[in-house]
Amino acid sequence: MAIARCSMIRTVLMFLRMELKDFLKMATKRERADVAAACGDSVSYLYQIAGQHRYASPLMATQIEHYTRTVADLSDGRLEPVPRASMVRHPEIFYGVVPESGAQEAGGNDDA
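## A few points about the overall build of the protein
Next, step 1: From N to C terminus, the protein includes six helices and zero strands.
Next, step 2: Moving toward the C terminus, one meets the helices and strands of the protein in the order α-α-α-α-α-α.
Next, step 3: Within the protein, the proportion of its 112 residues that are buried is 28%.
Next, step 4: At a minimum sequence separation of 6, the contacts of the protein that also span at least 24 residues come to 56%.
Next, step 5: In the form shown here, the protein has an accessible surface area of approximately 7700 Å², with 55% of it arising from carbon and sulfur atoms.

## Considerations on the environment of Met87
Next, step 1: Tracing the backbone shows Met87 in the loop between α5 (58-73) and α6 (102-105).
Next, step 2: For the pair formed by Met87 and Leu46, sequence separation is 41 residues and the distance between their alpha carbons is 9.9 Å.
Next, step 3: Every residue in contact with Met87, bar those within four places of it in the chain, is listed here: Leu20, Ile49, Tyr55, Ala56, Ala61, Ile64, Glu65 and Val82.

## Thoughts on the nonpolar core
Next, step 1: Of all hydrophobic cores here, the largest spans 23 residues; its most connected members are Leu20, Phe23, Ile49, Ile64, Leu79 and Met87.
Next, step 2: Elements supplying a minimum of two residues to this core: α2 (20-26), α3 (29-39), α4 (43-50) and α5.
Next, step 3: When residues of this core are assigned to their parent elements, the largest contribution, five residues, is made by α5.
Next, step 4: Excluding anything up to four places from it in sequence, Phe23 contacts Met18, Val35, Thr68, Val71, Leu79, Glu80 and Val82.

## With respect to the confidence of the model for the protein
Next, step 1: Per-residue confidence for the protein gives a mean pLDDT of 82, with 73% of residues at or over 70.
Next, step 2: Looking over the protein, one finds the lowest element-wise mean pLDDT in α6, namely 44, and the highest in α4, namely 97.
Next, step 3: Confidence drops under pLDDT 50 across residues 11-15; counting only partners more than four residues distant or on other chains, this segment forms three contacts.
Next, step 4: Note on residues 102-110: pLDDT is under 50 here. Beyond four places in sequence and across chains, it has three contacts.

## Quick notes on the packing of α3 against α4
Next, step 1: In contact at an axis separation of 8 Å, α3 and α4 are set at 90° when each is read in the N-to-C sense. In terms of axis orientation, α3 runs roughly perpendicular to α4. Contact with α3, carried on its side by Arg32, Ala33, Val35 and Ala36, involves Val43, Leu46 and Tyr47 of α4 and no other residues of that element.
Next, step 2: For the contact of α3 with α4, the residue count by class is six nonpolar, no polar and one charged.

## A closer look at the pattern of salt bridges
Next, step 1: Summed over all chains, the structure comprises three salt bridges.
Next, step 2: Measuring nitrogen to oxygen at the nearest pair gives 3.4 Å for the salt bridge that ties Asp34 to Arg30. On the criterion of helical spacing, the pair formed by Asp34 and Arg30 is a turn pair, its members being four residues apart in helix α3.
Next, step 3: For Arg84, the salt bridge is made with Glu65, and the minimal N-O distance between the two is 3.7 Å. Of this pair, Arg84 sits in the loop between α5 and α6 while Glu65 sits in helix α5, and the two are 19 residues apart along the sequence.
Next, step 4: By relative accessible area, which is 9% here, Arg84 ends up buried.

Conventions used here
- Residues numbered from 1 in each chain as written.
- Predicted model: local features only at pLDDT ≥ 70, side-chain atom pairs only at ≥ 80, totals over all residues.
- Heavy atoms only, no water.
- Helix = DSSP H or I, 4+ residues; strand = E, 2+ residues; numbered from the N terminus.
- Buried < 20%, exposed > 50% of the residue type's maximum accessible area, 1.4 Å probe, protein only.
- Contact = heavy atoms within 4.5 Å.
- Areas by Shrake-Rupley, 256 points an atom, 1.4 Å probe, with all protein chains shown as cover.
- Core = buried A, V, L, I, M, F, W, Y, C linked by side-chain atoms within 4.5 Å.
- pLDDT = per-residue confidence, 0-100.
- Axes fitted to C-alpha atoms, helices over the stretch in contact; angles between N-to-C directions.
- Parallel < 35°, antiparallel > 145°, perpendicular 65-115°, else oblique.
- Nonpolar A, V, L, I, M, F, W, Y, C, P; charged D, E, K, R; others polar.
- Salt bridge = Lys/Arg side-chain N within 4 Å of Asp/Glu carboxyl O.

This is how it looks when you write it as structure tokens:
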């Protein structure tokens, strides 16, 4: 019972967020190309991930999440970032993992 309930809650939460197929559908040609180029891949590969014909690696899913967030911030609310857990075969690898802040990506704290 508890497992089914957790699964149902995760499914509901996934629908509250934008999936990659919806992001690609609503994005302009330039926005799709920007995300693909930033991830070092093609728009066609993003469509394969969106259609679940392929799964993204954890690194690729994190990159897509980061760059869709950047593009979404510039879209005036038209787009939303795509959660990385929606693009991998085993989304549980991201449960409890906190996204890195911009300061950590830029070099981190030298005091640590």
